[in-house]
Amino acid sequence: MLELGLVRANLELVEEKLRARGADPSALLGDFRALDQSRRDAITLAEQSKARRNELSQQVGALKKSGQDASALMEETRLLKEKLDQLDQTAAQLDEQLRLSLARIPNLTRDEVPAGRSDADNVTVKTWGEIPTFAFTPKPHWEIGEQLGILDLERAAKLSGARFAVYMGAGARLERALISFMLDLHTSKHGYTEVLPPFIVNSKSLYGTGQLPKFAEDLFRCSDADAEAVARGDFKDSDHWLIPTAEVPVTNLYRDEILDETRLPIRLTAYTPCFRAEAGAAGKDTRGIIRQHQFQKVELVKFTRPEDSDAEHERLTRDAEEILEALGLPYRRVLLCTGDTGFSSAKTYDLEVWLPGQQLYREISSCSNFEGFQARRANIRFRPSAQGAKAKPEFVHTINGSGLAVGRTWLAILENYQQPDGSVLIPEALRPYMGGLDRIVKEV
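Summary of the structure given here. Within any chain, residue numbers begin from 1 and follow the written order of that chain's sequence. Residues qualify for local features only when their pLDDT is at least 70, as the model is predicted, and side-chain atom pairs are given and counted only at 80 or more; totals for whole chains, interfaces and linings, by contrast, use all residues. Values reported for side chains reflect all heavy atoms of the structure, with hydrogen atoms and water molecules removed beforehand.

### Considering the overall build of the protein chain
Point 1. Secondary structure assignment for the protein chain yields 14 helices and 17 strands.
Point 2. In terms of its C-alpha atoms, the protein chain occupies a principal-axis envelope of roughly 105 × 50 × 40 Å.
Point 3. Partly exposed residues are those whose accessible area sits between 20% and 50% of the maximum for their type, while under 20% is buried and over 50% is exposed, using a 1.4 Å probe and protein chains only. The buried share of the protein chain, taken over its 444 residues, is 49%.
Point 4. Two residues qualify as a contact provided that any one of their heavy atoms is within 4.5 Å of a heavy atom in the partner residue. When contacts within the protein chain are restricted to residue pairs at least 6 apart in sequence, long-range pairs at least 24 apart make up 74% of them.
Point 5. What sets the accessible areas is the Shrake-Rupley method with a 1.4 Å probe; for residues, cover comes only from the shown protein chains. Here the protein chain displays about 20,800 Å² of accessible surface, and carbon together with sulfur accounts for 49% of that area.
Point 6. In this tally, Lys and Arg are treated as positive and Asp and Glu as negative; His is ignored, and so are the chain termini. For this purpose, a charge sits on NZ of Lys, CZ of Arg, CG of Asp or CD of Glu. Here the protein chain contributes 58 positive and 66 negative side-chain charges, whose respective centroids are spaced 2 Å apart. The helix count covers DSSP runs of H or I at least four residues long, the strand count covers runs of E at least two residues long, and both are numbered beginning at the N terminus.

### Section: the nonpolar core
Point 1. Side-chain atoms within 4.5 Å are what join buried Ala, Val, Leu, Ile, Met, Phe, Trp, Tyr and Cys residues into a set we call a nonpolar core. In terms of nonpolar packing, the biggest core is built from 45 residues, with Leu 174, Leu 178, Trp 410 and Ile 413 touching the most fellow members.
Point 2. For this core, the secondary structure elements donating two or more residues are α6 (141–148), α8 (170–188), β9 (294–304), α12 (309–326), β11 (347–355), β12 (360–371), β15 (397–405) and α14 (406–416).
Point 3. With nine residues, the single largest contributor to this core is α8.
Point 4. Those residues in contact with Leu 178 that lie beyond four places of it in its chain are Leu 327, Val 406, Thr 409, Trp 410, Ile 413 and Leu 430.
Point 5. Phe 32, Ala 42, Leu 94 and Leu 108 belong to the second-largest nonpolar core, a separate cluster that totals 22 residues.

### Concerning the pairing of β15
Point 1. Counted residue by residue, β15 has nine buried out of nine residues, so it is predominantly covered.
Point 2. Being paired, for any two strands, means DSSP has found at least two bridges between them. Of the strand pairs in this sheet, β9 and β15 are connected by seven bridges, and their pairing is antiparallel. Note on β15: the bridge partner recorded for Leu 300 is Gly 401.
Point 3. By the bridge criterion, four bridges tie β12 to β15 in an arrangement that is antiparallel.

### Some words on the side chain of Glu 299
Point 1. Position of Glu 299 relative to the elements: it lies in strand β9.
Point 2. Contacts described as polar in this section are N or O atom pairs within 3.5 Å, which, within protein, must combine one atom able to donate a hydrogen with one able to accept it, while residues neighboring in sequence count only if both atoms come from side chains. Polar contacts involving the side chain of Glu 299 include one to the side chain of Asn 400, which spans 2.4 Å.
Point 3. Other than its neighbours up to four places away in sequence, Glu 299 contacts Thr 245, Ala 246, Glu 247, Leu 268, Thr 269, Ala 270, Asn 400, Gly 401, Ser 402 and Gly 403.

### Digging into the sheet that holds strand β4 (residues 193–195)
Point 1. With respect to topology, eight strands assemble into an open sheet ordered β1-β10-β11-β12-β15-β9-β8-β4, the strand pairing being mixed. The open sheet is flanked by β1 (123–128) and β4, the only strands paired with a single partner. Here the average twist between neighbouring strands, direction ignored, is 25°.
Point 2. In this structure, strand β10 (residues 331–335) lies alongside β11, joined through five bridges in antiparallel fashion. Across the sheet, Tyr 331 pairs through a bridge with Val 353, a residue of β11.
Point 3. Lines fitted to C-alpha atoms define the axes, with helix axes restricted to the stretch in contact, and inter-axis angles between N-to-C directions lie between 0 and 180 degrees. Across the sheet, α8 lies against β4, β8 (266–275), β9 and β15, angled at about 10° from β9, the strand it touches most.

### A closer look at the packing of aromatic side chains
Point 1. Each aromatic pair joins two rings of Phe, Tyr and Trp (for Trp, the six-membered one) with centres within 6.5 Å, and gets the label stacked for planes under 30 degrees apart, edge-to-face for over 60, and tilted for any other angle. All told, the structure shown has eight aromatic pairs when counted by the stated rule.
Point 2. Between Tyr 254 and Phe 303 the ring centres are 5.1 Å apart and the planes differ by 90°, which places this aromatic pair in the edge-to-face class. Of this pair, Tyr 254 sits in the loop between α11 (247–251) and β7 (257–260) while Phe 303 is found in strand β9, placing the two residues 49 residues apart along the sequence. With respect to class, Tyr 254 is no different from Phe 303; both count as buried.
Point 3. Members of the aromatic cluster, joined through ring pairs, are Phe 215, Phe 343 and Phe 373.
Point 4. The ring of Tyr 349 carries the charged tip of Arg 333 above its face, separated from the ring centre by 4.6 Å.
Point 5. For the cation-ring pair, Arg 377 lies above Tyr 207, with the distance from its terminal atom to the ring centre recorded as 4.3 Å. The rule for a charge over a ring is simple: NZ of Lys or CZ of Arg within 6 Å of the ring centre, and within 35 degrees of the ring normal.

### Points about α14
Point 1. Burial within α14 is extensive, with 11 of its 11 residues counted as buried.
Point 2. Those residues of α14 lying buried are Val 406, Gly 407, Arg 408, Thr 409, Trp 410, Leu 411, Ala 412, Ile 413, Leu 414, Glu 415 and Asn 416.

### A look at unusual backbone geometry
Point 1. Going from Leu 212 to Pro 213, the amide bond is cis rather than trans, its omega being 5°.
Point 2. Relative to the elements of secondary structure, Pro 213 occurs in the loop between α9 (203–209) and α10 (227–232).
Point 3. The omega torsion across Gly 403 and Leu 404 is 20°, close enough to zero to call that bond cis.
Point 4. Secondary-structure assignment places Leu 404 in strand β15.
Point 5. Its identity as a non-glycine residue notwithstanding, Gln 359 has a phi of 55°, on the positive side.
Point 6. Position of Gln 359 relative to the elements: it lies in the loop between β11 and β12.
Point 7. In this model, Glu 371 sits at a positive phi of 50°, which is unusual for a non-glycine residue.
Point 8. Structurally, Glu 371 is set in strand β12.

Spelled out as structure tokens, the structure:
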């Protein structure tokens, strides 16, 4: 969430940044100045009325003490109390309207983010690895997986419907190997602390990271949630949602807390399944396991001081890239344009892996710097240690990225390491996690 004072003082800039995202400022902001001024006027009148009430209370006390008639002042005090109750109610209603208005506004993209409307306007800033060449026509992962007997989409559809997968045999082991490999590398080499969070969260958690209220249709909601209350922004502690990414529970670990600056940066990594309704994805990526309702991911999350967030964002992106490099998978780093940058992000790099069976690059990680946007929504702050115990807390900056999306890494291995005989070589870095297995062959 943007800070009210920033929007108030820089409304034209905010409107310009919204237009750069392809958004309509009037639809998101409404008459922001009028709403803000009405709220401020109501607060000012309420404060003036409270001051007058206190003054009258003192006068009434003095008259009673001297034995004089205070009935007129007491009646004025009673009427003033009624007026004050109305002013407080009006101020509270306007304050809630302003909060909901701010909650709808996406983060402001950084100045270095290229202007653009869609992924066609994203900018490639780095490529790594050689595109593999084959003496045969490379197959897509769904054909390879089916022929090897390690991917079963038909039985998954029988169990759960479209956009689910069953991994079998060496395919299931490869998924597990990737999870362990990623977690081990991020904890032992990159200095992250492993977390195993809940896979179900409440609405406050999803609000904190920016999924609610705007993206409710993209989530799986458990039946105990009150949809009308969620639409109003009235979140219950008892409602539950399946997580769309580990970013949500891990970021909210420190919701409503003040951290000691000496703990920063905090670097956390977590494996979780992820659940997404994929609203609006009808007809997209219907083949294979590119776009699933349930998939596995290893997430990287950081909490940093504002002055360190740029460097930590670059470092987190490199940590994700090292997984791809260790596995020998060609990729490119792409800086997303304004129109393709996510709601909560100020700047995002996508890592896209090469898929020879489809002859294209596919996103395998998004690494984003949210600056103080999520921290303000989730009320995550730190106290600057140099200023002592009485220092005013400041909002941390949050950063996160996939390190990596496990299913997409799995399919990238199948497509990049496929062999003429239909087998798939196992990257050397994964062989210790596969019991020494060096290739996947069709099981008899």
